[in-house]
Amino acid sequence: MGKKKSSKHKKYSGNKKSVNTLSKSRNDDNKKHTQKKDRFFKIYSFLLIMIFLVLPFIVSLFDNPNEFTGENITAETFVNYDDFIINAADSFIKTVNELTTHESYITGNDNNHLFLNTGDGVNEQEYIDMYCEFTSKLQEYCNSRNIDFLYQLDPGKSIVYSEYYDYDDIDREKRNQYIINTMKDNGVNCLYTLSSLLRAKNERAVYNTKYDAGHWNDNGAYAAISSSIENFLKDNENILPPSLSNYNIYETVYTAVPHSRVPIIETGQFYALENKLTSIPINKYDSEVKVIGHDAYTHHINTKQPLAPKLLIFGGSYIEGKEKFYSPSFSEVIYIKSYFNIINYEYYINLFQPDAVIFESADYVMNNNFIPYDDMKNTVNTAPYSLFSDYSETLFALPTNLNINTDSDIATVSMKTLARNPSHAYLIAGDTVYNCSVYVNMFITNISTNVILDDIKNKPLHIVLISEDEQIKQTIRMKT
């Protein structure tokens, strides 16, 4: 990784004052916009109800023109009239009310497209700078262990389909460009997928019109994820390039807007893998991997590409359920939902030992609600073992209680030792290196790490301690 360059581009002016001003303006506009649509649809609904009420008389008149008199009109006339029409009217009114008042969505200027109401989308300068610094720290951790890294920034629907969006998203787009420029200045390998989505948009819809207004559809996911895979192709010939031939594409019908009771009828495309052997789910670690959040971890292996790299993805909801677009190109794909979990990236990288890491984020989730500022600020990388591998061997610790807990699929390897505080400790399993935590309690030093049991079976195991002054090391053999 090259040296950090001085930033020459203009600072992103996302200060607190601009946040409040823009937020108030957008909220006022949104309220007027909603009230206008609400009045229109309710008037339309009233007219529709009137039509439904008088329609029985009209039908009766045409069916029995000689028998129609005032005496024929009874309550039964209404009761016996097709109930589904009345129900349809009720459903329509309910739909109108919910669509025009649901706080999660904004209706496009074509009265058709729905957009997720993500607020003003502006962050304070300090948070954005810390986010970029944290990502740089993550890449440094990966690169020091010979792991390829990519940061992927995905734009929201309002930027990709700005022609249907009533509000000016220039501040969000300026913020996105600032992030990418700062990442590049810090030497981070990064990708902004906007151009890929705009190209694909010319051929097919990359976001649905109404369904899932906050996320891309399979067309958009394929286009953006393909560009991120291509980022790795130049460095690894074992990665299979993305191809539509890996999928059967089906038409599907969506009947409701997610996270609401709003019914819709909308068609879209669903991509199903042609060969299921390229993405076999691994569930044995589901209850043991430490994650925050529901469905925050998935694991798939590709038996058709055993020599391809293993990929670990820290991603948001844009990637959730879209692992199928990575699977054909990699031997394994592990997905960790990044919200809060990204702070513990050392744990996941140490546990899964990937060859490549992607950190993905949609442009509207970079805030304290998903990745806390203080946690990013306090993150400190563990030094890689390569810094100490050539150190001379000296006996300075007396090991006791060497143990491998094999009661679960993710094992805890631990050791206690009488020693002055070691600065670092590592588990060596064959050619694989694991960081160990070091905790000193009185005169006893506790050393431990978590490993996938299958990954260390039949391998020679050693724990290496680095002295407090980082001048010598001691290797301790463990019996398996």
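All values derive from a computational prediction rather than experimental measurement.

(A) Looking closely at the overall build of the protein chain. The helix and strand tally for the protein chain stands at eleven helices and 18 strands. Taken across its 480 residues, the protein chain has 48% of its residues classed as buried. Across the protein chain, every contact between residues at least 6 apart in sequence was considered, and the portion connecting residues at least 24 apart equals 71%. For the protein chain, the exposed area adds up to about 24,400 Å²; of that, 52% sits on carbon and sulfur atoms.

(B) Quick look at the pairing of strand 9 (residues 310-315). The element strand 9 is largely enclosed, with a buried count of six among its six residues. Burial of the side chains of strand 9 extends over both faces: Lys310, Leu312 and Phe314 are buried on one face and Leu311, Ile313 and Gly315 on the other. One ladder, built from six bridges, connects strand 9 with strand 10 (residues 332-337); its direction is parallel. Paired with Ile313 across the bridge in strand 10 is Tyr335.

(C) Looking closely at the pattern of salt bridges. For the coordinates displayed, the defined rule picks out nine salt bridges. Asp363 is paired through a salt bridge with Arg172; the nearest N and O atoms lie 3.7 Å apart. Placement of Asp363 in the loop between strand 11 (356-362) and helix 10 (373-377) and of Arg172 in helix 6 (residues 170-185) is noted, with a sequence separation of 191 residues between them. Arg172 shares its class with Asp363; the two are buried. Across the salt bridge formed by Glu332 and Lys310, the nearest N and O atoms sit 4.0 Å from each other. One end of the pair, Glu332, is in strand 10; the other, Lys310, is in strand 9, and 22 residues separate them in sequence. Overall, the relative accessible area of 15% leaves Lys310 in the buried class.

(D) Summary view of helix 8 (residues 218-233). Counted at 1.5 Å a residue, the expected span for helix 8 with its 16 residues is 22 Å, and the 22 Å between its end C-alpha atoms agrees. Most of helix 8 sits out of view: 14 of its 16 residues are buried.

(E) Structural context of the packing of aromatic side chains. Summed over all chains, the structure comprises 26 aromatic pairs. Aromatic pair Tyr297 and Phe352: ring centres 5.9 Å apart, planes at 20 degrees, arrangement stacked. Here Phe352 lies in helix 9 (residues 345-352) and Tyr297 lies in strand 8 (residues 297-301), a separation of 55 residues in the sequence. Judged by relative accessible area, which is 1%, Phe352 ranks as buried. Against the face of Phe115 rests Lys157, its NZ or CZ located 5.1 Å from the ring centre. Between Lys201 and the ring centre of Tyr161, over which it is positioned, the NZ or CZ distance is 4.7 Å.

(F) How the structure looks around the nonpolar core. Counting residues in hydrophobic clusters, the biggest one holds 85 residues, and the most contacted among them are Tyr151, Phe314, Tyr326 and Ile349. Element by element, the count of residues in this core is highest for helix 4 (residues 125-143), at nine residues. The residues contacting Ile349, other than those within four sequence positions of it, are Leu138, Tyr141, Cys142, Ile147, Leu312, Phe314, Pro354 and Val357. Counting 19 residues, the second-largest nonpolar core is a separate cluster that includes Ala397, Ala411, Tyr434 and Met478.

(G) Region of interest: the state of the cysteines. Taken as a whole and assessed by the stated rule, the structure comprises zero disulfides. Not part of a disulfide, Cys132 finds its nearest cysteine sulfur in Cys190, a span of 9.0 Å. Judged by its relative accessible area of 0%, Cys132 falls in the buried class.

(H) How the structure looks around the environment of Ile179. Here Ile179 lies in helix 6. The exposure class of Ile179 is buried, given its relative accessible area of 0%. Expressed as a C-alpha distance, the spacing of Ile179 and Asp129, which sit 50 residues apart in the sequence, is 8.1 Å. In this structure Ile179 touches Ile128, Cys132, Tyr151, Leu153 and Met366, once residues within four positions along its chain are discounted.

(I) Representation of the environment of Pro258. Its place among the elements puts Pro258 in the loop between strand 5 (247-256) and strand 6 (263-273). A residue is classified by how much of its surface remains accessible, and Pro258, at 17% relative accessible area, is buried. Pro258 has contacts with Tyr105, Tyr211 and Asp212, leaving out every residue within four places of it along the chain.

(J) Quick peek at the environment of Asn350. Counting through the fold element by element, Asn350 comes out in helix 9. Through-space distance from the C-alpha of Asn350 to that of Val433 is 8.3 Å; in sequence the pair is 83 residues apart. Within the structure, the side chain of Asn350 is placed 2.7 Å from the backbone nitrogen of Asn435, a separation counted as a polar contact.

Parameters at a glance
Residues numbered from 1 in each chain as written. Predicted model: local features only at pLDDT ≥ 70, side-chain atom pairs only at ≥ 80, totals over all residues. Heavy atoms only, no water. Helix = DSSP H or I, 4+ residues; strand = E, 2+ residues; numbered from the N terminus. Buried < 20%, exposed > 50% of the residue type's maximum accessible area, 1.4 Å probe, protein only. Contact = heavy atoms within 4.5 Å. Areas by Shrake-Rupley, 256 points an atom, 1.4 Å probe, with all protein chains shown as cover. Pairing = 2+ DSSP bridges. Salt bridge = Lys/Arg side-chain N within 4 Å of Asp/Glu carboxyl O. Expected span 1.5 Å × (residues − 1). Phe/Tyr/Trp six-rings, centres within 6.5 Å; stacked < 30°, edge-to-face > 60°. Lys NZ or Arg CZ within 6 Å of the ring centre and 35° of its normal. Core = buried A, V, L, I, M, F, W, Y, C linked by side-chain atoms within 4.5 Å. Disulfide = S-S within 2.5 Å. Polar contact = N/O pair within 3.5 Å; in protein donor to acceptor, adjacent residues only side chain to side chain.

Interpretation in functional terms is not warranted from these geometric data alone.
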